[in-house]
Amino acid sequence: MSDAEIKHDKDARRYSVVIEGTEAYLTYERPTPDRIHVTHTIVPEAIGGRGLGKRLVTRAMEDAIAAGDKVSSSCWYASGLIEKTPEWSAQLA
């Protein structure tokens, strides 16, 4: 797994990481000031299998917890990770 830096663009509501010139990303909405709603986690096949999706969800959840935000998700991948991780599932809206 690469240690490339995950970037957070608050204006675009997007977390991203570029590996070998290919971008993986997580997008979210902010339905209320104290809640994020994860919409997509995308990892292209060319850079798949490296744990990038999990890293993106982890970063989004760490930021949400630090901010005291509640979380919801319509992304099957993020939803599965959140539900399986007790400290994250406590943040579910």
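Before going into details, it helps to say that this report is about the structure given with it. Because the structure is a prediction, the values reported are computed rather than measured. (Residues numbered from 1 in each chain as written. Predicted model: local features only at pLDDT ≥ 70, side-chain atom pairs only at ≥ 80, totals over all residues. Heavy atoms only, no water.)

**Some details on the pairing of strand 5 (residues 70-73)**
Within a regular beta strand, the side chains point alternately toward one face of the sheet and then the other, so they alternate between its two faces. Relative to strand 5, strand 4 (residues 35-42) is paired through 4 bridges, and the arrangement is parallel. Its bridge partner being in strand 5, I36 is matched across the sheet by V71. Assessed by its sense of winding, the connection that carries the chain from strand 4 through helix 1 (residues 52-67) to strand 5 is right-handed. (Pairing = 2+ DSSP bridges. Helix = DSSP H or I, 4+ residues; strand = E, 2+ residues; numbered from the N terminus. Right-handed = clockwise from strand over helix to strand, strands pointing away.)

**A word on the nonpolar core**
Y15, V17, L26, L56, V57 and I82 are the most contacted members of the largest nonpolar core, which has 23 residues in total. Mapped onto this core, the elements with two or more residues apiece are strand 2 (14-19), strand 3 (22-32), strand 4, helix 1 and helix 2 (76-84). Sort the elements by how many residues they give to this core and helix 1 lands first, with 6 residues. (Core = buried A, V, L, I, M, F, W, Y, C linked by side-chain atoms within 4.5 Å. Buried < 20%, exposed > 50% of the residue type's maximum accessible area, 1.4 Å probe, protein only.)

Everything listed is a geometric property; what it means functionally is a separate question.
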